[in-house]
Amino acid sequence: MAGNDWINSYLEAILDVGPGIDEAKSSLLLRERGRFSPTRYFVEEVITGFDETDLHRSWVRAAATRSPQERNTRLENMCWRIWNLARKKKQIEGEEAQRMAKRRLERERGRREATADMSEDLSEGEKGDVVGDISAHGDSNRGRLPRISSVDAMESWVSQQKDKKLYIVLISLHGLIRGENMELGRDSDTGGQVKYVVELARALGSMPGVYRVDLLTRQVSAPEVDWSYGEPTEMLTPTNSDSFMNEMGESSGAYIIRIPFGPRNKYISKELLWPHIPEFVDGALNHIIQMSKVLGEQIGGGQPVWPVSIHGHYADAGDSAALLSGALNVPMLFTGHSLGRDKLEQLLKQGRQSREEINATYKIMRRIEAEELSLDASEIVITSTRQEIEEQWRLYDGFDPVLERKLRARIKRNVSCYGRFMPRMVIIPPGMEFHHIIPHDGEIDGEVEGNEDNPASPDPPIWSEIMRFFTNPRKPMILALARPDPKKNITTLVKAFGECRPLRELANLTLIMGNRDAIDEMSGTNASVLLSILKLIDKYDLYGQVAYPKHHKQSDVPDIYRLAAKTKGVFINPAFIEPFGLTLIEAAAHGLPIVATKNGGPVDIHRVLDNGLLVDPHDQQSIASALLKLVADKQLWARCRQNGLKNIHLFSWPEHCKTYLTRIAGCRPRHPQFQRSDGWLEESESDSPSDSLKDIQDISLNLKLSLDGEKNEESGTVDNALDSEENAADRKSKLENALLAWSKGVLRDTHKGTAEKADQHTGAGKFPALRRRKHVFVIAVDVATSENLHESIQMVFEAAGKEKSSGSIGFILSTALTISEIHSLLVNGGLNTSDFDAFICNSGSDIYYPSLNTEDSYSELPFLSDSDYHSHIEYRWGGEGLRKTLVRWAASIVDKKGGSEEQIVIQDEERSTAYCYAFKVKNPALVPPVKELRKFMRIQALRCHVIYCQNGNNLHVIPLLASRAQALRYLYVRWGIELSNMVVFTGEYGDTDYEGMLGGVHKTVILKGICSNARDQLHANRSYPLEHVLPFDSPNIVQVTEGCSSNDLRMSLVKLGVLKG
């Protein structure tokens, strides 16, 4: 082997890899015509296994080197690189196998524990349906009524729905969304999801019983995009205005509502949107509240008309929908479109990036956490196919098909699930609008290049743009419509076409691969695939037989389908895996038979339509044979075409929306409900002269009551009582001054107890002090000791200065402390409860207001609990079943010292409440990170919010959608306190719910140096770094230096525009 030493090194490297190559495959890989074939090994193991197209180019260049010595050296180096890749792949596969094995054990353990808690055994007939038995619309096939698709049935359904007036909210954040001339394929964020959500909104808006549909997205006013994406509102023209639009009102129909959030004047990718999600949530919350009020005036008899559901599309919108659902107490729906865990697995299998590199590029762990939260909060998860459930959703901690069946069976029997919940997976294939499609009937034997018989209807321009590529445009057209992505497998299609002479003789191939100006301007991956296709066209000399136009409009796509059908062609989707396959439905609607991958959604589509053939996308010969069979057999072609046209109505938008609305109707109605609704959604009293005059009268009538109240409050000692009498005249003068302030719409802080006391007998009632504040300062500094918290409070009070005294600024204390601990803090620090307008305690699971009437207050303390908030956050609260699981988990966390075991996590019954289970942590360093505890809860189907607080010394478990950030949104919904008028003070770090306090439309002041040790204690083992999700570059966030004074703090407030200098 002189001169070929690189082959020996290559062979040795392969042998050193070990038993990774199985015996059945080794002969194919390593031998060709009786001898070792490094090229075949390279193609099979590297190209298909790693998608290393750059490596392939390097190999080709090395092999073409003229100098034998240089060629051998370069090829030897290439061999070692291939060997290294193979080893890396095996290492990744081994790590992934260990991770999956651990996951299976955790899931099985969680399932056993959940089943043990649900001690009542299930009989064999009550175990529920397996996932495979779920019908195309989520129900069991057994006992399900036959599908009725006649016109009479639809008209009957319409008559049942027409009296309803539903308000539906859809959310899709990333990409560029507009109703007409969608720029699909412009970038990776503007694709099929954009088209889907726009058409869904349009179709729902035309359905009977639906009054209004809002599709919420991001407002983009950037120079690099069209001006239309900066318009706040766009009405979607209805598809069937004559059918259901007769009784529409002023604000009815479907609309795109663009909410401004994130960097102004800049269009950014979805991976960079995560830090700005809370800002969107606050803006969307404001829109929904205002729209609910408007709809209430129009159709609700003066009462707000709340959304019947909020539907998030993709992970970022799912995260937003969960927060909005919690803030409004409205049912949530979720559609994943594509899922983060599945993408992570695919990227890991490629072996080109580590988990850390993938996370840095795609923010994948933040995306997965958003999808887990969406599972926690959703009542219904809408999927397109069974494959999505069986192979993708089951990868998540929050969904277990086996446990889901057991819970469903218990619900059917009306048996307790012990606080466990699982979202309902419902398969509803995406719809399509067919009313404008007129499939061509009859034979097509004439010229297709023109339409001379009917000059009034010239051929669409895209036809000539395609047919200019062909030597013989009469031949049937094989059509593929996909972007040049390796996953779409276009190169295999071109190889199959090029290597099958009978197919080349019978048909042409058309590749619609998005839009491009120059290949050099395309992304690296897309450019690489396109170059490979062009080389294959040259290799097989397919000039005159393959079309690959550079540009097409979205409006041209139906004409492209028509051209393929006109030539008696075939549509093909050869993707390695296709989550759904909307293009297959579009093709069938135009009368095209299909050839599609057998992996994913096309299996379900083919089962319904029966209009083509399924193939193995890895089998080049199978693809060529299927295409040849349909093109050559005219009877088979006609039968497939007819089947598709006959069954296509099952994928229509009306059919989709009918199932969609039926599912929504099955959800338990939820919306904001308060014991008293006396004008809470009206304009604030500071803007209402009549209300202000009424308040003045109330103060005048209760002047003596106020004086008596102050005497009682200060009568702790005889000296205080005497001092109160001596200064009564002075206080009376202050109250008279307060009347003047009230007439101007500003409530003096020191006398807000009067109006509060008048409402004590009817629950929370009105709190005009809270509503009239010009700004509200929220002190959410997470410190280890009460003394440090008191210092922070005093510094904020001093920074507020005269604005505090005038009553224009109110204060809210937001903390993990209990209300009793807060009372002790105030008493020991010489503070009054009346210094604050509200107290958010127990990590956001309770809200209290200051009270002067101890008869209605909490445990005889001067506080009044907001019971409406508890009814607002109790969704999916596990109660006693959750508590028992937590106690069992706490008992398993022990510190083994010598021969003894010491329990580290102990239940804290004294600090626990009905909506906050508290535990003491003896050694924070030995407890699992919060992400592991969340995972444990989700595997058990327990939906809750887990928080390590007070430097990790306490653990709080509260309702799923309760948090300190959500409590602020509740105060906005309940009392109309504008979130943009709030200023949140936090430390440099804090409890594990810290990140929720920073984002949003409110202002944030970060006190550097405070709680900085929590970074290593609580935030070191996060799933994703805080930098991925916190908008530190936001103009609403300022940071003050460590050891700052109250003057420094005031200057930061001036910088934010809250105070005047």
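Residues numbered from 1 in each chain as written. Predicted model: local features only at pLDDT ≥ 70, side-chain atom pairs only at ≥ 80, totals over all residues. Heavy atoms only, no water.

Within an unreviewed UniProt entry, the label attached to the protein chain reads Sucrose-phosphate synthase, and the organism entered is Nelumbo nucifera. UniProt lists a comment for the protein chain under the heading Sequence similarities (unreviewed entry), and it reads "Belongs to the glycosyltransferase 1 family." Its UniProt record gives the protein chain a comment under Subunit (unreviewed entry), which states: "Homodimer or homotetramer." (UniProt positions renumbered as here; feature names shortened; annotations may be inferred.)

S.K.: How do you make sense of the environment of Val 776 when you look at a structure like this?
M.R.: Following the sequence through the fold, Val 776 ends up in strand β17 (residues 775-779). When the C-alpha atoms of Val 776 and Ile 977 are compared, they prove to be 8.5 Å apart, with 201 residues separating the residues in sequence. The contacts of Val 776, once residues within four sequence positions are left out, are Gly 810, Ile 812, Ile 977, Asn 981, Met 982 and Val 983. (Helix = DSSP H or I, 4+ residues; strand = E, 2+ residues; numbered from the N terminus. Contact = heavy atoms within 4.5 Å.)

S.K.: Is there a simple way to think about the pairing of strand β14 (residues 570-573) in this case?
M.R.: Going residue by residue along β14, you find Val 570 and Ile 572 tucked away on one face and Phe 571 and Asn 573 tucked away on the opposite face as well. As paired strands, strand β11 (residues 477-481) and β14 are joined by two bridges and run parallel to one another. For Ile 478, the partnering residue across the bridge sits in β14 and is Val 570. Both β14 and strand β15 (residues 594-597) contribute to a ladder of three bridges, which runs parallel. From the neighbouring strand, Phe 571 faces β15, where its bridge partner is Ile 594. (Buried < 20%, exposed > 50% of the residue type's maximum accessible area, 1.4 Å probe, protein only. Pairing = 2+ DSSP bridges.)

S.K.: Hey, could you run me through the sheet that holds strand β5 (residues 233-236) in this one?
M.R.: Where strands meet in a sheet, backbone hydrogen bonds hold them as pairs that are either parallel or antiparallel. Reading across the sheet, the eight strands line up as β5-β6-β4-β3-β7-β8-β9-β10 and stay open at both edges, with mixed pairing between neighbours. Whereas interior strands pair on both sides, the edge strands pair on one side only; in this sheet they are β5 and β10 (424-427). Neighbour to neighbour, the strand axes of the sheet diverge by 25° on average, direction disregarded. Judged from the four bridges that link them, strand β3 (residues 166-171) and strand β7 (residues 309-313) form a sheet pairing that is parallel. Of the residues in β7, the one forming a bridge with Val 169 is Ile 310. Each of β3, β4 (210-218), β5, β6 (253-259) and β7 touches helix α7 (residues 192-205); the most contacted strand, β4, lies at about 160° to it. (Axes fitted to C-alpha atoms, helices over the stretch in contact; angles between N-to-C directions.)

S.K.: Sorry, what's going on with the packing of aromatic side chains here?
M.R.: Any two aromatic rings considered together are summarised by their centre-to-centre distance and by the angle between their planes. In the structure shown here, the tally under the stated rule is 18 aromatic pairs. Considering the side-chain rings of Phe 674 and Tyr 970, the 6.1 Å spacing of their centres and the 65° angle between planes classify their relative orientation as edge-to-face. Taken together, the residues Phe 674 in the loop between α25 (653-665) and α26 (689-701) and Tyr 970 in helix α38 (residues 964-975) connect sequence positions 296 residues apart. The burial state of Phe 674 is the same as that of Tyr 970; both residues are buried. An aromatic cluster of at least three residues, connected via ring pairs, comprises Phe 777, Phe 797, Phe 811, Phe 836, Phe 839, Phe 863 and Phe 985. A cation over an aromatic ring shows up here: Arg 218 above the ring of Phe 261, its NZ or CZ 5.8 Å from the ring centre. Sitting above the plane of the Tyr 875 ring, Arg 670 keeps its charged end 3.9 Å from the centroid. (Phe/Tyr/Trp six-rings, centres within 6.5 Å; stacked < 30°, edge-to-face > 60°. Lys NZ or Arg CZ within 6 Å of the ring centre and 35° of its normal.)

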